[in-house]
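Chain by chain, the residues run as shown.
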Amino acid sequence: MSNYDPKPEDKFTFGLWTVGNVGGDPFGHATRNPISPPEIVHMLAEVGAWGVNFHDNDLVPIDATPAERDQIVSDFKKALDETGLVVPMATTDLFKDPAFKDGAFTSNDPKVRAYALQKTINAIDLGVELGATTYVFWGGREGVETDSSKKTLDAIKWFQDALNFLSEYVIDQGYDLKFAIEPKPNEPRSNIFLPTVGEALGFIGTLDHPEMVGVNPEVAHEHMSGLNFLHGVAMAYSQGKLFHIDLNDQLYGRYDQDFRFGSVMPKQAFYLVKFLEDVGYDGSRHFDAHAFRSSNYGDVKYFARGCMRTYLILKEKAAQFNQDAEIQALLAEIQAGDESLAYLSSGYSADALSKLRATEFDRAALGARDLPYEQLDQLTIELLMGVR
Ligand code: GLT
Ligand code: MN
Ligand code: MN
């Protein structure tokens, strides 16, 4: 039996805003008293996390004086020193303040766009000071309720301008920092720009420094669009763009639920963990989730441990899947190659074309091929349910 206790090499991280979430929602007030960033760091250390991430204003209130800022940062550093927790990622709160009610980088107001840029520059400095090497851009307010309010092409241009400016800033400072865009389709805006991993990947190619920019896909956000999260992650990974990942869970078609990782769609979570482990993804496993509103802080710890424990259990299941003789025999049969067609993987050539043209295919035999996917899927389910 394996040990499901988290270890530093698992690279499990949480945001200050996740275990520090106080349980408020659009229809109800907070159900937990706020706890301070140092207290959150100690709680994360107690449950066995490796790192902690934050928005500028999770740590330093937006209206803090410079002296207050310095005290807060020094208290936070002390907690990091005491616990050994690291800060791999930081980000900017460009969504809570009413100044951002029409977006930050894509607000119609040039002053808001400039303020968002200045706020992000300060937040990048803070993140780098605390050790962050990944900087997330979640454009929660970048969007519209009505398309009569904003020219979409202008918004795309403003978004590009902001990321280009910030890329140059990072280069100019000599920071070791890469950017990760986090897509989301809606909530809090009715329509958010860069709604899916696919759109974000396409957008990155239009930037001045695409090599500095990747994606931070979140399970819940792709599920809100009814998409297959694994496929989005695999596409990002295949392009060398999986810079970060937000793990949680979410039913399709609902509001942003941010549930404990693997808690509602464990089969999808299994395929995801198997993918990350099979390819050797070496970034943070960041849990962007929060406990139920009904939980007290004891239950919040259970929630945080649960995220990591489920990941490790699924990792063990993935290894079991890879070693299961019956499953592997089925896969070998289903995925068998054909040596006589290997020439096609070298791409197009006159020779390949004439060979292909000359090949006679037995279409009926192709259609009659056995594909025991029901058997394979049931074996997978039984493995996940613990009876294999
Ligand atoms: C916010 C959002 C998350 C983002 C965070 C980063 S903040 O909680 O719902 O998905 O990752 O800005
Ligand atoms: Mn979310
Ligand atoms: Mn997220």
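Preceding block: the structure.
Draft legend 1. Expanded view of the site of ligand 1. The immediate surroundings of ligand 1 are formed by W17, H55, T91, F95, W138, E182, E218, H221, D246, D256 and D288. The contact in question runs from an oxygen atom of ligand 1 to an N or O atom on the side chain of H221, over 3.3 Å. In this structure, an oxygen atom belonging to ligand 1 sits 2.8 Å away from a side-chain N or O atom of D288. Contact with the protein chains hides 91% of the accessible area of ligand 1, taken as 310 Å² for the molecule alone. Split into classes, the residues belonging to the shell around ligand 1 amount to three nonpolar, three polar and five charged.

Draft legend 2. Expanded view of the coordination of the manganese ion (ligand 3). Within the protein, E182 (OE), E218 (OE), D246 (OD) and D288 (OD) serve as the donor atoms for the manganese ion (ligand 3), at 1.9 to 2.2 Å. The sequence pattern formed by the donor residues of the manganese ion (ligand 3) is E-x35-E-x27-D-x41-D. In this model, the manganese ion (ligand 3) sits 4.7 Å from the manganese ion (ligand 2), the two metals being bridged by E218. Highlighted residues: E218 in the loop between β8 (213-215) and α8 (219-224) and D246 in strand β9 (residues 246-247), separated in sequence by 28 residues. You'll find E218 and D246 in the same group, each marked buried.

Draft legend 3. The arrangement of the side chain of H244 in detail. Within the secondary structure, H244 is located in the loop between α9 (229-238) and β9. At a separation of 2.9 Å, a polar atom in the side chain of H244 contacts the side chain of N216. For H244, the residues in contact, after removing those within four places along its chain, are N53, M89, T134, V136, A180, V215, N216, P217, Y281, S284 and H286.

Draft legend 4. Here's a closer look at the coordination of the manganese ion (ligand 2). Binding of the manganese ion (ligand 2) to the protein goes through E218 (OE), H221 (NE2), D256 (OD) and D258 (OD), at separations of 2.1 to 2.7 Å. Each donor residue of the manganese ion (ligand 2) belongs to the same chain, with the gaps between them written as E-x2-H-x34-D-x1-D. We classify H221 as buried; its relative accessible area is 2%.

Draft legend 5. Local environment of helix α2 (residues 37-47). For α2, the complete set of buried residues consists of P37, I40, V41, M43, L44 and V47. For α2, the angular spread of the buried residues around the axis is 165°, confining them to a single face. Following α2 by one or two positions, G48 has its phi on the positive side, about 100°.

Draft legend 6. Inspection of a nonpolar patch on the surface at higher detail. Together, L344, L356, F361 and L366 make up an exposed nonpolar region whose accessible area comes to about 380 Å². One can find L344 in the loop between α12 (325-334) and α13 (350-358). When its relative accessible area of 39% is taken as the criterion, L344 is described as partly exposed.

Draft legend 7. Layout of the pairing of strand β2 (residues 51-55). In terms of residue burial, β2 counts as a mostly covered element, since five of its five residues are buried. The alternating pattern of β2 places G51, N53 and H55 on one face and V52 and F54 on the opposite face, and all of these are buried. Across three bridges, the pairing between strand β1 (residues 12-15) and β2 is parallel. Directly across from T13, in β2, lies its bridge partner G51. As judged from the two bridges shared by β2 and strand β3 (residues 89-91), these two strands associate in the parallel manner. Each bridged residue has a counterpart across the sheet, and for H55 the counterpart in β3 is T91.

Draft legend 8. Region of interest: the packing of aromatic side chains. Throughout the structure, instances matching the rule amount to 18 aromatic pairs. Ring centres of F105 and F159 lie 6.2 Å apart, and the angle between their planes is 50°; on these two criteria the pair is classed as tilted. Here F159 lies in helix α6 (residues 152-173) and F105 lies in the loop between β3 and α5 (110-129), a separation of 54 residues in the sequence. Both residues of the pair, F105 and F159, belong to the buried class. Consider the rings of F261 and F287, whose centres lie 5.9 Å apart with planes at 50°: the pair is tilted. Residue F261 is found in the loop between β9 and α10 (266-279), and its partner F287 is found in strand β10 (residues 285-287); the two are separated by 26 residues along the sequence. Of the two residues examined, F261 and F287, each falls in the buried class. Cluster of aromatic residues (ring-pair linked, three or more members): F105, Y135, F137, F159, F179 and F203.

Thresholds, definitions, all that
Residues numbered from 1 in each chain as written. Chains lettered and ligands numbered in written order. Predicted model: local features only at pLDDT ≥ 70, side-chain atom pairs only at ≥ 80, totals over all residues. Heavy atoms only, no water. Near = heavy atom within 4 Å. Polar contact = N/O pair within 3.5 Å; in protein donor to acceptor, adjacent residues only side chain to side chain. Areas by Shrake-Rupley, 256 points an atom, 1.4 Å probe, with all protein chains shown as cover. Nonpolar A, V, L, I, M, F, W, Y, C, P; charged D, E, K, R; others polar. Donors = N, O, S within 2.8 Å, 3.2 Å for Na, K, Ca; no water. Helix = DSSP H or I, 4+ residues; strand = E, 2+ residues; numbered from the N terminus. Buried < 20%, exposed > 50% of the residue type's maximum accessible area, 1.4 Å probe, protein only. Contact = heavy atoms within 4.5 Å. Arc of directions from axis to C-beta. Patch = residues over 30% accessible without salt bridge, like charges linked within 9 Å, V, L, I, M, F, W, Y side chains within 5 Å. Salt bridge = Lys/Arg side-chain N within 4 Å of Asp/Glu carboxyl O. Pairing = 2+ DSSP bridges. Phe/Tyr/Trp six-rings, centres within 6.5 Å; stacked < 30°, edge-to-face > 60°.

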